Amino acid sequence: MKWWQKTIAYELYPKSFMDTRSQGTGTIEGIIEKLDYLASLGIGAVWITPMYRSPMVDNGYDIADYTSVDPSYGTIDDMKRLIEEAKKRNIRIVLDLVFNHSSDKHPWFLESKKSKDNPKADWYIWRDAKEDGSAPTNWRGIFGGSAWTWCEERQQYYLHTFASQQPDLNWAEPAVRRALYDAANFWVNLGVGGFRIDAITYVRKPDVFEDGTPDGDDGMISVHDMTANQPGILDYLHEFKKEVSEGHDIFTVAEANGVSADELKYWVGENGAFDMLFEFSHTNLEFKGIETWCRPEPWEISDLKRALRNSQEATKDNGWYPAFFENHDRPRCVNHYFPENADHKAAAKAMGMLMMSLRGTPFLYQGQELGMENVAWPSIDCYNDISSYGQYEFALSEGFSKEEALACVHAFSRDSARTPMQWDDSENAGFTEGKPWLPVNENYRTLNVKAESIDPDSVLSWFRKLAEIRNEHPVLMDGSWNELMADDPDLIAYERKNDNETVTVIINLSEKEREYDPSLTEGKEILLVSGDAFKHGNLHGLQCVMVTDK
Ligand code: GLC
């Protein structure tokens, strides 16, 4: 097995992790300061979301220079020190490659927009207006509004899958791909342990750009439906592999939704372009296609089970599964998967056991190890997240009231995952001595690293135990995954099995008391069980148990 298949990864949102300069936003130095904390969680790879120079319209996902560090975070020397200090603790630093688009302040775009015949004229996607002056197509950007913005200087429109400040790079232009590979290799040479590759399914554009049938009252159709996963995309991705990752002891995990099971082998694994894919079937249960916050559909535990089963089965022979329930774009999992009045601590533990015992590499998201929760601020103006604004406006355009539109933001805003890390119960949760860029979640007084570290029953202690168990029972890394009670509507259960050992996991995701065949756990050593009391054959609401036959 490769090192990254055996490790636990941690996604870190640098703006909200640790501020060492009283500026209200996190710093690289702050990450270095907390490396021992990460090591104490058994983490072996830290994926840091973009820390490159950026106007921060989308908090770093709008990059103005791929080989420098945003001054608010620190310097290249800080990054070198971080990579080195992390290595001393057996942690590899993993960076985020945002290659579908750059910032509109990137020198490449500033050049490209000057004229139709400048040397970088074709580095972005430019098109003439329709005869009436309107946008070339009726595509809606992922963050709302048209996916096209008019450029006065060049007298053309440019395409942006996301915000207008994030113009899409033209991968059909070989010099663009070369420049991007060079940027990635700059970091490989500094010793990073891998890459998470952003929004990769959009890099190949369709040969013909045409209007689609509108999917909303705004007369537009999501750009996703018109441009994602185009034929020919794999040629680019395999070129990326050859030019960047091949031959290095690094891993790649691509953000890629909608890759079909029969295509998967070209995407991941030995002959695929990447090592792992982040797909969202299990986190977007309420959205059948596009993520439209005001149109969530009901879902059941059996839907979650099906999504997990499908990806466990799909990655049995193709690539490797990155197990996650939270990231910087998703609500906190205790709020997302469970009712408002459920026991969220029990829920955090249940989801933790699930994530840490599926076959794959767990990707823990900053604060999840504390059981951090969503925020619900009183007005849209309190929010920072650019997509919250787009979704709010869309909901209003679909006839929802302001209160209803805000409720959608409360449920799905990306800011809930981005509030500052809760280190202790001092002001601003110990994250900053300045004014935090996003308000700290009010629950920080009880829910923080310091308090949870000394509480053996805390979510943090639970994650530490899970990490220890994973280390002591390699079957959790290399064992097969065999589902049990597939038809049960509430219990998710499976065994992990290798030649030496079988570990059985049973998790009650419902709030109801549930029975199971007691022989599944009886006579076996209990590795971990949540809740106050445990009786073989019975799990109270949200209780979970893990046993071994060894
Ligand atoms: C990805 C990122 C998200 C970002 C978007 C545009 O989906 O995860 O945070 O806004 O790409 O780069």
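One can find the structure itself at the top, above this paragraph.
Novice: I tried to follow empty space enclosed by the protein on my own but got confused; where do I start?
Specialist: Where empty space is left in the structure can be found by rolling a water-sized probe over the atoms. Counting across every chain of the model gives 3 cavities of 30 Å³ or more. Its boundaries defined by the atoms lining it, the largest cavity holds a volume of some 50 Å³. Along the walls of the largest cavity sit Glu11, Trp47, Arg196, Glu255, Phe278, Phe280, Phe324, Glu326, Asn327, Phe363, Leu364 and Tyr365, which together make up its complete lining. Among the elements that make up the lining of the largest cavity, the one with the highest residue count is strand β15 (residues 361–365) (3 residues).

Novice: Mind showing me how you'd approach the environment of glutamate 468 here?
Specialist: Within the secondary structure, glutamate 468 sits in helix α16 (residues 459–472). On a C-alpha basis, the gap between glutamate 468 and asparagine 538 in space is 26 Å, while along the polypeptide they are 70 residues apart.

Novice: Would you mind showing me how to read the environment of leucine 277 here?
Specialist: Along the chain, leucine 277 falls in strand β13 (residues 276–278). Take leucine 277: its relative accessible area is 8%, and that puts it in the buried class. The residues touching leucine 277, leaving out its near neighbours within four places in the chain, are Val253, Ala254, Ala256, Val259, Leu264, Trp267, Val268, Trp320 and Pro322.

Novice: Can you help me understand the site of the ligand in this one?
Specialist: The immediate surroundings of the ligand are formed by 13 residues, with Asp58, His101, Asp198, His328 and Asp329 found nearest. Histidine 101 has a polar side-chain atom sitting 2.9 Å from an oxygen atom of the ligand. Contact distances for the ligand include 3.0 Å between an oxygen atom and a side-chain N or O atom of arginine 414. Against a free-state accessible area of 310 Å², the protein chains account for coverage of 95% of the ligand. Split by residue class, the shell around the ligand holds 3 nonpolar, 3 polar and 7 charged.

Novice: What is the right way to read the side chain of threonine 292 from this model?
Specialist: Relative to the assigned elements, threonine 292 resides in the loop between β13 and α10 (301–317). Since its relative accessible area comes to 12%, threonine 292 is described here as buried. The contact partners of threonine 292, leaving out residues within four places of it in the chain, are Phe287, Gln391 and Phe394.

Novice: How do you make sense of the layout of surface pockets when you look at a structure like this?
Specialist: Computed from the structure, the second largest pocket encloses a volume of approximately 430 Å³. Contributing to the lining of the second largest pocket are 19 residues, with Lys2, Trp4, Gly269, Glu270 and Asp275 lying nearest its centre. Looking at the lining of the second largest pocket, the elements with two or more residues in it are α1 (3–6) and α8 (233–245). Partitioned by chemical class, the residues of the lining of the second largest pocket number 5 nonpolar, 8 polar and 6 charged.

Novice: When you look at helix α12 (residues 344–357) in this model, what are you seeing that I'm missing?
Specialist: Every α-helix carries 3.6 residues per turn, so stepping three or four residues along brings you back to the same face. Look at α12: 20 Å from first C-alpha to last across 14 residues, which is about the 20 Å you get at 1.5 Å a residue. Burial analysis of α12 places 13 of its 14 residues in the buried class, the great majority of the element.

Novice: Can you help me understand the sheet that holds strand β1 (residues 8–12) in this one?
Specialist: What links the strands of a sheet is backbone hydrogen bonding, and the strands pair in either a parallel or an antiparallel sense. Read from one edge to the other, the open sheet built from 8 strands follows the order β13-β12-β10-β5-β2-β1-β15-β14, with strand pairing classed as parallel. Edge positions in the sheet fall to β13 and β14 (322–323), since each of these pairs with one other strand and no more. Pairing geometry for β1 and β15, over 3 bridges, is parallel. From the neighbouring strand, tyrosine 10 faces β15, where its bridge partner is leucine 364.

Novice: Any chance you could explain the sheet that holds strand β6 (residues 126–127) here in plain terms?
Specialist: Strand order across the open sheet formed by 3 strands is β6-β9-β8, with antiparallel pairing between neighbours. Either end of the sheet is taken by a strand with one partner, and the two such strands are β6 and β8 (148–151). Here β6 runs beside strand β9 (residues 156–159); their pairing, made up of 2 bridges, is antiparallel. In the strand pairing of β9, tryptophan 126 is matched with tyrosine 158.

Novice: Just to check I follow, could you spell out helix α14 (residues 402–412) for this structure?
Specialist: Three or more residues of α14 are buried, namely Ala405, Leu406, Cys408, Val409 and Phe412. Each buried residue of α14 sits inside an arc of 150° when the element is viewed along its axis, so together they form one side.

Novice: Please clarify how the pairing of β15 should be interpreted in this entry.
Specialist: Successive residues of a regular strand alternate their side chains across the two faces of the sheet. With 5 of its 5 residues buried, β15 lies for the most part within the structure. Residue alternation in β15 divides its side chains into two sets, Thr361, Phe363 and Tyr365 and Pro362 and Leu364, and both sets are buried. As paired elements, β14 and β15 share 2 bridges and run parallel to each other. Bridging from a neighbouring strand, proline 322 pairs with threonine 361 of β15.

Conventions and cut-offs
Residues numbered from 1 in each chain as written. Predicted model: local features only at pLDDT ≥ 70, side-chain atom pairs only at ≥ 80, totals over all residues. Heavy atoms only, no water. 1 Å grid on protein atoms, 1.4 Å probe; cavity = no way out; pocket = protein on both sides within 12 Å on 5 of 7 lines; lining within 4 Å. Points joined across faces, edges and corners; volume = space filled by probe spheres on them. Helix = DSSP H or I, 4+ residues; strand = E, 2+ residues; numbered from the N terminus. Buried < 20%, exposed > 50% of the residue type's maximum accessible area, 1.4 Å probe, protein only. Contact = heavy atoms within 4.5 Å. Near = heavy atom within 4 Å. Polar contact = N/O pair within 3.5 Å; in protein donor to acceptor, adjacent residues only side chain to side chain. Areas by Shrake-Rupley, 256 points an atom, 1.4 Å probe, with all protein chains shown as cover. Nonpolar A, V, L, I, M, F, W, Y, C, P; charged D, E, K, R; others polar. Expected span 1.5 Å × (residues − 1). Pairing = 2+ DSSP bridges. Arc of directions from axis to C-beta.

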